[in-house]
Each structure stands twice: as C-alpha cells, then as structure tokens.
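# Residue-level structure breakdown
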Amino acid sequence: MNLITILTENMIRFRTKNITPANLKTILDKSPIVINESVIKNSLLTEGVSEGKRCWYYNQLAKKKYVTDSRVPNPSNGKGVQDFLIAIGHNIKSDGSFGNETAKALATWRYGGGAGIDTVDKLWNKLKSAGYNVGTTSGYGPLMKSSVASMIIATCITLAKSCVIDAQTWFEMVKFIPRDMKDQLDSSFNAAIKYWKDYLNNINVQKKISVNLYGSANSTNMIKTQKNIIPSYMSVLDKIKKNGWEERTADAEAAGATMFVSGDCPDFMVCVNLDVFLTTYEQRGIEIMGVEAKNTFVHEMQHIMWNEFEDQGKLINPQAKIKLAFPLAYDSHAPSATSTSKQLVQAQISQSSKNDLAANGIDYNELIAYYSNKYWKDMYTCHETELTSRLESYRVYLTDRNVIQMGGTILLKTICSDINKIINNYPIHWNFKQMIGCWVLGGMTPNLTDFVNKLNALAKNNIQDKNNIQDKNKFNLKQPDQDERT
C-alpha cells in the first residue's frame, strides 16, 4: 500500500472533505507536520486510533489539560512523551526512558522519517538548530525535556486548529460527569428560568418595557404589556424549560463556545459544552461552576427570546434603545447590511467624557490602554443581541450579590468600581468586561454618567434597600467573588 492510499484512507490532520491523490501532495507540502512513506512503514501507527481521537489529544495538549486531566499525557517527562505518542498511534514501548526509539518516533511525528532523526542526539541537534534552548550537552537533560515539551505543545496548537473531533470521539472521551455536577447544571438552568420570570414579572421592569415599546407607562400601555408582551415571553420560557439543555460539546468546541443556541442546537434549547464546565468543576469547585452556568444560561436564554421576538416587534429592549447607550459601538463580524458593521478608524474621545471619567475616579488613558489590544477590537460582542445578553448576565451577577434588587438601578458608583477592577486586573464579571469594551471602543460615547443612565433605561428600577437583603441561597448557589467568564 503506497503513501497516497494510506493517507487518503487515514487523514488525521487536515479539515477537508475530498482528499484525492492529485491534491494530497499540495496539502502535505503546506503542512507544518511532515509525513512520508517511511514514516508509515517504519514508525507503524497502530490500528484503531481514529482521526478524531488524535485530534482530541492535540486539543488537550494545546490547552495543557494534563494539569487537571490524568488521561492527557504530560510531555515534560519521558513517559509522558511516550504515552502521548502511543495515544496517537505510534507503536513504541512506555518505560519512562527517553531513548532512541522514543526520539525517532517523536521526530518522525514532527519532522518526518525523511529527516533521518533516529537518535536522541540527532533530535537534540535538530531542536537546537530550530532555536530551542537544549543546553550545551546533548542528551535528554532538564533543558532538553523542557524543549521537547514546548515543541510538542506548539505542534499540537498548530494541529488543533485544522483537525476535527467528531461527535463520537467527544462522547467517548468526555469524562464521566459527576452526579453533583449534573444536578448543579440542572439547578443553574432552573435558576436562570426563575430569574427571567421574576424579572419579567417585576412591575418596574414592566413599566420600562411599556416605555420602550409604546412610549409611556400609562395604564393603557401597561395593560398591553401585561396582556400581550409578558405572556409571550413566559410562553417562550416555558418552552425552554420543557426542552431543557443538551450536551453538545463537540459543536461548542468547534465554535469556541461555552453554550450556544444557534446552528444545530434544537429550537428552544440551550446546548452546553460540558468540557468547559467539567474543567471549572475540577479547578474551581461546584459552587463557582454553578454560578457561571446560571449566568451563561441567562445569557443564552436572552438570545432565544431575541430571535423569537425580533421580527415581531416585541423586543423588550429594542435595537434603537440599545444604540442610545452604544451609538458608536460596532461589531467587527457583523454583515455589512447591519447597523453595527461600521468600523471605526479611531474614535475621538470628547473632553466631556474625559472630564466625567476623571470626576468619577477613572483614568481614561489606562482604560483605553486596557482595550487597545487587537483581541478586544476583533470581538463580536457589540451586536445588539450580544449587548443585551451581556447586560442581563451582568444584572443577574449583581442581583445574586445583593448589589441591586430584581430589575434594579445599577448605580454609577458600582459601574465605576467595576471599571477600576478591569483596569487593575481584578476579578470581575466577563460579560461586564466585554460590554464596557464596546463602549470604550465606541469612543466612550455617551459620557459615563449618561451611559449608565441609558443602561438603566433598558431595564429598570428601584435602588437596593439594604434593610431588605435577599436570601443568598435563594437558588441554592453560593456567590463567590470570582471572574466569571461566560
């Protein structure tokens, strides 16, 4: 069997549907990983290791999951390197010694059999010529160990970007989900439903909905809100509750999502990346995992309701109202036909905004510096539905900490305090960071005081009565002050 046939049948690295002998050489030539016929014949990958399984290991090594997942080999020692190579299909022994057999298999995987690297010393020289700090003496010493680990992780990062993990592999490889974690996800889901129902039943929220939809909160408009709008939203929430949430780790990983409600996710259902929450469960505990899950469920349920009511003219926070708070914000991924697709060359910050920030104890230069990274400018978060979801997620974050009452006003001092946490890299709600980023990248227009007022106009009211503290265990969730990336 020749190389073309073998690789056509066992494509393990490239996301393509129609590999043919005619185009395979071009793909291989462009690949950072080299494979040739001697690799297949002499390294002899074992049968039964699928493309998806190899891709799963590449992804786990790329994310350094070996820190928390004992199934993922740690490439910083000889046995870990051997276990990794065996896991992706190399027929070598695992004895903990990094000898010539291991060096040859690793070099074959990374550089190809044609490189002629079949000893530890030759691999040492190859890594040295590639710029790795392997020390001054050949062999598998401390610096060589570190270099090997770095090379494996860097290679896995590259491979993980182009390979595909199929759903069956995710099903097989996602670890057993502890019962208390599953129960907490169910509890967080139900808590999110309850939050939305309590929120929509709040009279102050209903008044603001009446203003947003009908222009005022007079008795006639309140009746329309309470008879037409609120029941429609409650009906959608009942559908979401009935359908529940579903594990869709493979699809979520492919999209880089924690949860999602679009694409192949069934209607009125939230699809969940269990791998993300399992990692949080293991590293930070069930309580923090539960809080993050609840906030993310709240976020995603807003998307479902937005999608349901956008074309019906029943959005409780219409796009025009959202744009009052973010008039110059843009969405770098939006289609050109949308109102949020405008790219800003460099938004000018008005003196009024600078003065307002200074008066509230915020250094606008430091705030601009924080969001000057290209990462923030490439985010998609400034689309109106994302802005609304992030605001609602931030609201539930504040409500659960008794900072505001249900539907309550977010005080200017709260926003200022949380912005200064961003500047000083203190833990703060991830949705808040992204929402503020849209305002900053939009030239801090309107000024901060007006911006906070317009945020509150989207969902109102009542300042926290400190003599009427809500039960912290209302949703059976503790509320640790942590960075909740949702």
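Residues numbered from 1 in each chain as written. Predicted model: local features only at pLDDT ≥ 70, side-chain atom pairs only at ≥ 80, totals over all residues. Heavy atoms only, no water.

## Some details on the overall build of the protein
If you tally the helices and strands in the protein, you get 23 helices and three strands. Of the contacts made within the protein by residues no fewer than 6 positions apart, 69% connect residues no fewer than 24 positions apart. Of the accessible surface of the protein, which amounts to about 22,000 Å², a share of 50% is contributed by carbon and sulfur atoms. (Helix = DSSP H or I, 4+ residues; strand = E, 2+ residues; numbered from the N terminus. Contact = heavy atoms within 4.5 Å. Areas by Shrake-Rupley, 256 points an atom, 1.4 Å probe, with all protein chains shown as cover.)

## Details of unusual backbone geometry
Between Thr445 and Pro446 the backbone carries a cis peptide bond, its omega angle lying at 0°. Along the chain, the position of Pro446 falls in the loop between α22 (430–441) and α23 (448–457).

## A word on the side chain of Thr414
By the element assignment, Thr414 lies in helix α21 (residues 412–423). Given the relative accessible area of 14%, Thr414 is considered buried. With sequence-adjacent residues up to four places away left out, Thr414 is seen in contact with Tyr394, Leu398 and Val403. (Buried < 20%, exposed > 50% of the residue type's maximum accessible area, 1.4 Å probe, protein only.)

## Some remarks on helix α15 (residues 286–309)
With 24 residues, α15 extends 34 Å between its outermost C-alpha atoms, agreeing within 8% with the 34 Å of an ideal straight helix rising 1.5 Å per residue. The element α15 is largely enclosed, with a buried count of 20 among its 24 residues. (Expected span 1.5 Å × (residues − 1).)

## Brief notes about the packing of aromatic side chains
The tally for this structure, following the rule as stated, stands at 14 aromatic pairs. Look at Phe98 and Tyr140: their rings are 4.0 Å apart centre to centre, the planes differ by 5°, and that puts the pair in the stacked class. Remark: Tyr140 occurs in the loop between α7 (120–129) and α8 (142–160) and Phe98 occurs in the loop between α5 (78–87) and α6 (100–111); sequence separation between them is 42 residues. Accessibility classification places Phe98 together with Tyr140 in one group, the buried group. An aromatic cluster is present here, built from Tyr58, Phe84 and Trp109 joined pairwise through their rings. Positioned over the ring face of Tyr111 is Lys126, at 4.9 Å from the centre of the ring. If you follow Lys224 out to its NZ or CZ, it ends over the ring of Tyr214, 4.2 Å from the centre. (Phe/Tyr/Trp six-rings, centres within 6.5 Å; stacked < 30°, edge-to-face > 60°. Lys NZ or Arg CZ within 6 Å of the ring centre and 35° of its normal.)

## Examining the state of the cysteines
Put plainly, a disulfide is one covalent bond tying together the sulfur atoms of two cysteines. Tallied over the entire structure, the rule returns two disulfides. Cys265 shares a disulfide with Cys271; S-S distance 2.2 Å. Across the S-S bond of Cys265 and Cys271 the torsion is about 100°, and the bridge reads as right-handed. For Cys271, a relative accessible area of 0% puts it in the buried group. Of all cysteine sulfurs in the structure, the one in Cys163 sits closest to Cys156, which takes part in no disulfide; the separation is 9.0 Å. Residue classification places Cys156 among the buried positions, given a relative accessible area of 0%. (Disulfide = S-S within 2.5 Å.)

## Here's the deal with the sheet that holds strand β3 (residues 270–272)
Judged by pairing direction, the sheet is mixed, and its three strands sit side by side in the order β1-β3-β2 without closing on themselves. The open sheet has two edge strands, β1 (245–247) and β2 (259–260), and neither has a second partner. Across three bridges, the pairing between β1 and β3 is parallel. Bridge assignment links Glu247 to a residue of β3, and that residue is Val272. (Pairing = 2+ DSSP bridges.)

## Description of the confidence of the model for the protein
When pLDDT is averaged along the protein, the result is 78, and 78% of the positions lie at 70 or above. Across residues 1–19, confidence stays below pLDDT 50; counting only partners more than four residues off in sequence or on other chains, it has 46 contacts. Counted against residues more than four places away or in other chains, residues 460–486, with its pLDDT under 50, gives 89 contacts. (pLDDT = per-residue confidence, 0-100.)

## With respect to the pattern of salt bridges
Inspection of every chain in the model, using the stated rule, returns 14 salt bridges. Among the salt bridges present, the one from Asp118 reaches Lys122, with a minimum N-O distance of 3.1 Å. Residue Lys122 is classed as partly exposed on the basis of its relative accessible area of 41%. Across the salt bridge formed by Lys197 and Asp238, the nearest N and O atoms sit 2.5 Å from each other. Here Lys197 is found in helix α10 (residues 179–201), whereas its partner Asp238 is found in helix α12 (residues 219–243), with 41 residues between them in sequence. (Salt bridge = Lys/Arg side-chain N within 4 Å of Asp/Glu carboxyl O.)

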